[in-house]
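Here are the chains, one letter per residue:
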Amino acid sequence: MDQQEYPPGTVGYLAKGRAWGTRATSGAADGTPGNADAGDSAVEQQAPSEAPEPVGPTESGGATDTAAPTSRPTQWPEHRPAARWVEPGAVAAEEEQRARMGDFVAQRCDDMAPPGLSRSSRRPPRSGWRHLLYVLSRGRVNLGESPADLRRRELTVKINQPLHGCHRIAMLSLKGGVGKTTVTATLGATFAALRGDRVIAVDANPDRGTLSQKIPLETTATVRHLLRDAQRIRRYTDVRAYTSQGPSRLEVLASEQDPAVSEAFSEADYRHTVALLEHFYNIVLTDCGTGLMHSAMYGVLGLADSLVIVSSGSIDGARSASATMDWLDAHGHRDLVSNSVSVINSVRKGSGQVDLDQVAEHFAARCRAVIRIPYDAHLEEGAELDLDRLSPATRFALLELAAAVASAFPQ
């Protein structure tokens, strides 16, 4: 039995190695002599998973080679690093943690997914009885958005479509008192409040325009001062010194308050003004005067990308708007008319016996879209504009107007 040798890698081989401890580990790495106890301790601390790889054939290779080695080894055989042994309980805990993390990530993806892609989350309602139920239940009952909310979100998406470059919008009306300046301010404020780019409204009315009165006045500078200092304007902050900005982020470039001076605002002046502004703004609205034969009007129509023709809910207002379209058709602007948006603005509470549906049908045959803005007490005040003070019906109508204008943006 003492003469028997064991194949490397077997239990007998390891036991034999313990007996060889004194001789096999008699020398340390630095060449100093060791002792039997130290050798036994070193071998006992060797983990089974770190046992040396067999240097000869093993049972897994078929018949066991029982031939004894010619000499006993004086050191452990060289071996490849063995795989690290991990306790099964730790493996199970790690797998469970990964499963929990996967569920968490999936839930977060559902929460952040666009509408229609999420399996578990719904947008809370913002109006109507659904919103009331959601508030009373403290969020536990969520029936999702109402049709009005879905329509409002659809319009907002259209308003926020990308716009490359500058889009110029001309606001026209042959008749005064139809709320053209108010529609200009509310449309511009809606664009500025919902979009992230810059929006400016230019007052091109030769008869002492009131556009600058729709927002808090920050400067007394006018378009005339801007043209005078045009050579020194290099950055947006330079232009900002000549404009006033409202709570919605809409900026207004006021007209000259002296009618004698503003009458000299020519077509060349307007073109120069727009050429300067389009470097810093994405949307430029122009509040035109009632005179189509004014010199600046040729520049307005020559540069306009789209038109908004404003009419009141009265018979004479509708006739004036129709006459505006006739004049534009006769002077080579038929394409602008066919692509324009008509606005029926109820400037007074109640329109008498006027059939607004018939008026809208008349304009629909000549324009791309017709939008009706209901009467609003805040707009009738004629003071500074605050979108939060408008009625829900007016806000919704302005969304429809902005979306209809935005549909003409170049794709």
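Residues numbered from 1 in each chain as written. Predicted model: local features only at pLDDT ≥ 70, side-chain atom pairs only at ≥ 80, totals over all residues. Heavy atoms only, no water.

> Summarise the overall build of the protein chain; cite the residues concerned and give the values.
The number of helices and strands found in the protein chain is 17 helices and eight strands. Considering the protein chain as a whole, with its 411 residues, one finds that 40% of them fall into the buried category. In the protein chain, 74% of the contacts between residues at least 6 apart in sequence involve partners at least 24 apart. (Helix = DSSP H or I, 4+ residues; strand = E, 2+ residues; numbered from the N terminus. Buried < 20%, exposed > 50% of the residue type's maximum accessible area, 1.4 Å probe, protein only. Contact = heavy atoms within 4.5 Å.)

> Go over the packing of aromatic side chains, please, and point to the residues and values.
How two aromatic rings sit relative to each other is set out by the distance from centre to centre and by the angle between their planes. By the definition in use, this model includes two aromatic pairs. With a centroid separation of 5.9 Å and an interplanar angle of 70 degrees, the aromatic rings of Y236 and Y281 are classed as edge-to-face. Note that Y236 is positioned in helix α9 (residues 236–240) and Y281 in the loop between α11 (267–277) and β5 (283–288), a separation of 45 residues in sequence. Directly above the ring of Y236 sits R198, whose terminal nitrogen or CZ lies 3.7 Å from the centroid. (Phe/Tyr/Trp six-rings, centres within 6.5 Å; stacked < 30°, edge-to-face > 60°. Lys NZ or Arg CZ within 6 Å of the ring centre and 35° of its normal.)

> Got a sec to walk through helix α6 (residues 147–159)? Specific residues and values, please.
The end-to-end C-alpha distance of α6, which contains 13 residues, comes to 18 Å, matching closely the 18 Å that a straight helix rising 1.5 Å per residue would cover. Turning to α6, its buried residues are D149, L155 and I159. Relative to the axis of α6, the buried residues are bounded by an arc of 125 degrees and lie together on one face. The exposed residues of α6 that point more than 90 degrees off its buried face are P147 and V157. (Expected span 1.5 Å × (residues − 1). Arc of directions from axis to C-beta.)

> Any chance you could break down the confidence of the model for the protein chain for me, citing the residues and the numbers?
Predicted coordinates in regions of low pLDDT should not be interpreted in detail. Per-residue confidence for the protein chain gives a mean pLDDT of 76; residues scoring 70 or more make up 67%. Considering only residues more than four positions removed or in separate chains, one finds that residues 103–111, a stretch of pLDDT under 50, has six contacts. Below pLDDT 50 for its whole length, residues 116–120 participates in five contacts with residues either more than four positions away or in separate chains. (pLDDT = per-residue confidence, 0-100.)

> Help me get a handle on the side chain of T181, residues and values and all.
Checked against the element boundaries, T181 lands in helix α7 (residues 180–194). Accessibility expressed as a relative area gives 12% for T181, which makes it buried. In contact with T181, not counting residues within four places along its chain, are T210, L211, K214 and D287.

> Go over the pattern of salt bridges, please, and point to the residues and values.
Summed over the entire model, instances satisfying the criterion amount to 18 salt bridges. Measuring nitrogen to oxygen at the nearest pair gives 3.9 Å for the salt bridge that ties K158 to E154. Here K158 pairs with E154, and both are found in helix α6, just four residues apart, close to one helical turn. E154 sits in the partly exposed class, given a relative accessible area of 38%. Between R395 and D388 there is a salt bridge, with the nearest N and O atoms lying 3.9 Å from each other. Given the relative accessible area of 35%, R395 is considered partly exposed. Salt bridges sharing common partners tie together R151, E154 and K158. (Salt bridge = Lys/Arg side-chain N within 4 Å of Asp/Glu carboxyl O.)

> Kindly report on α7, identifying the contributing residues and their values.
Compared with the 21 Å implied by 1.5 Å per residue over 15 residues, the 21 Å span of α7 between its first and last C-alpha is a close match. Taken across its 15 residues, α7 has 13 buried, putting it largely inside the fold.

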